[in-house]
Each structure stands twice: as C-alpha cells, then as structure tokens.
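# Inside the fold
Take a look at the letters that make up each chain.
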Amino acid sequence: MAATGDDAAAMDSISRAPAAHSAALNPAASSSSHAEAPEVVAESPAAVPKKPSTNSDGGVETAEEAVEPAEPDINELCTDMFEKMAIFLQGELTGTCEDYRLLENMNKLTSLKYMEMKDISINISRNLQDLNNKYASLQPYLDQINQIEEQVSSLEQAAYKLDAYSKKLEARFKKLEKR
C-alpha cells in the first residue's frame, strides 16, 4: 500500500536524511562533487522549483540553483520512524488478534452446532431403537397374521374344490332323476 500525504512526506524525509546527513558530516566530499548535490536536491519535494527565465541569447532557459531545506536532527527522524513503525506493528498485531478472535468465535459456534447435531442424532438413535423394539414385539402377531392368511387361502382353495365337487354331484343327480 503506498503512503500518501503526511506519511509519504515523512518517509521521503527519512529516506533522504542519511544522504543529507553524510553530506553535512563530510563537507569536502560535498564540495568536490558539486554535480551530485543538484541530483539530491532535485529529488527533494521541498526543493525550490526551477524558474525558467529567458536570456537575450535566443530564448535559452536557465535554472536558478535550488536551496536545500533545513536538515532535521537525525535523532528526531529515528524517533519518528520508530514511533511510526510501532504504530504500524501495533495495527498489524491488532488485526491479527481480531482475526484470531473471529476464528475463536467461529470455532465456538461450530462446536455448539456439532453439540446440537449430536443431541439430535442421539434422539434419532433412541427413537429408532424404540421403533425396532416395538417392531420386535409386534413380530409374533405379524407371524400369526401370515399363518392365518395362509390358512384362509388353503380354506378358500378347499371351498372352491368343494363347490366344484358339489356341482358335479348336482349334475349327476339331475341326470339320474331324468332317467
């Protein structure tokens, strides 16, 4: 995530502070390398912008030398950096803690749901066992019903045979009566 506003300005000042600080500590190097100083100054957002001016030599633009801003103390910059880093890390840790709290709450809710499901499954199991016991207690009666059904069907067959035999007898009797 890119820093904006005051954060960006603070980060820029922190990143340029060591180069500016070393130039201040070693004035011989900064005076001997005059070409490097404008590059450092040109990168600085606080540098004075170049003012175009026209010369009488056919409209050639020249730039005025930029003035370097006052250097803040390196200790202040380090303190500011550590404070901002502490705030950043505190925010990261707070976010992580919130994530773990959310995960913990989700685990608790999931555990409660599983407990409810366990209770429901225990009730279903108990009811199924009761139904199996009732079915087992009804099984002798069901067997008796099956036996009665078999007996009724055999009696029905016997009744049909008896009816057929009685019809034959009736036909013989009528035949004998006619003679």
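Predicted model only: the values in this text are computed from it and were never measured.

With that out of the way, let us pick up the overall build of the chain. Looking only at helices and strands, the chain has four helices and two strands in total. Moving toward the C terminus, one meets the helices and strands of the chain in the order α-α-α-β-β-α. Taken across its 179 residues, the chain has 4% of its residues classed as buried. Contacts spanning at least 24 positions in sequence make up 49% of the contacts within the chain whose residues lie at least 6 apart. Summed over all atoms, the accessible surface of the chain reaches about 15,800 Å², with 60% contributed by carbon and sulfur.

So, about the pattern of salt bridges. Tallied over the entire structure, the rule returns five salt bridges. Ionic pairing is found between arginine 101 and glutamate 98, a salt bridge with its closest N-O pair at 2.6 Å. Of this pair, arginine 101 and glutamate 98 both sit in helix H4 (residues 74-178), three residues apart, which is roughly one turn of that helix. Judged by relative accessible area, glutamate 98 falls into the partly exposed class, the value being 43%. Where lysine 167 meets aspartate 163, a salt bridge forms, and the shortest distance between an N and an O atom there is 3.7 Å. Taken as a pair, lysine 167 and aspartate 163 lie in helix H4 at a separation of four residues, close to a single helical turn.

Here the chain averages 78 in pLDDT, and 61% of its residues register 70 or above. Mean pLDDT per element in the chain: helix H3 (residues 36-43) is the minimum at 40, and H4 is the maximum at 95.

Quick look at a nonpolar patch on the surface now. Taken together, Tyr135, Leu138, Tyr141, Leu142 and Ile145 make up a surface patch of nonpolar side chains, about 530 Å² in accessible area. Inspection of the secondary structure assignment puts leucine 142 in helix H4.

This part is about H4. The first and last C-alpha atoms of H4 sit 146 Å apart over 105 residues, in line with the 156 Å expected at 1.5 Å per residue. Maximal helix bending in H4 amounts to about 40 degrees, located at glutamine 139; proline proline 140 follows within four positions.

This brings us to a positive patch on the surface. On the surface, Lys168, Arg172, Lys175 and Arg179 cluster together into a positively charged patch. Along the polypeptide, arginine 179 turns up in the segment after H4. Relative accessible area serves as the criterion here: at 74%, arginine 179 is assigned to the exposed category.

Definitions and limits used
- Residues numbered from 1 in each chain as written.
- Predicted model: local features only at pLDDT ≥ 70, side-chain atom pairs only at ≥ 80, totals over all residues.
- Heavy atoms only, no water.
- Helix = DSSP H or I, 4+ residues; strand = E, 2+ residues; numbered from the N terminus.
- Buried < 20%, exposed > 50% of the residue type's maximum accessible area, 1.4 Å probe, protein only.
- Contact = heavy atoms within 4.5 Å.
- Areas by Shrake-Rupley, 256 points an atom, 1.4 Å probe, with all protein chains shown as cover.
- Salt bridge = Lys/Arg side-chain N within 4 Å of Asp/Glu carboxyl O.
- pLDDT = per-residue confidence, 0-100.
- Patch = residues over 30% accessible without salt bridge, like charges linked within 9 Å, V, L, I, M, F, W, Y side chains within 5 Å.
- Expected span 1.5 Å × (residues − 1).
- Bend = angle between axes of the 7 residues up to and from the residue.
- Lys, Arg positive; Asp, Glu negative; His and termini not counted.
- Charge placed at Lys NZ, Arg CZ, Asp CG, Glu CD.

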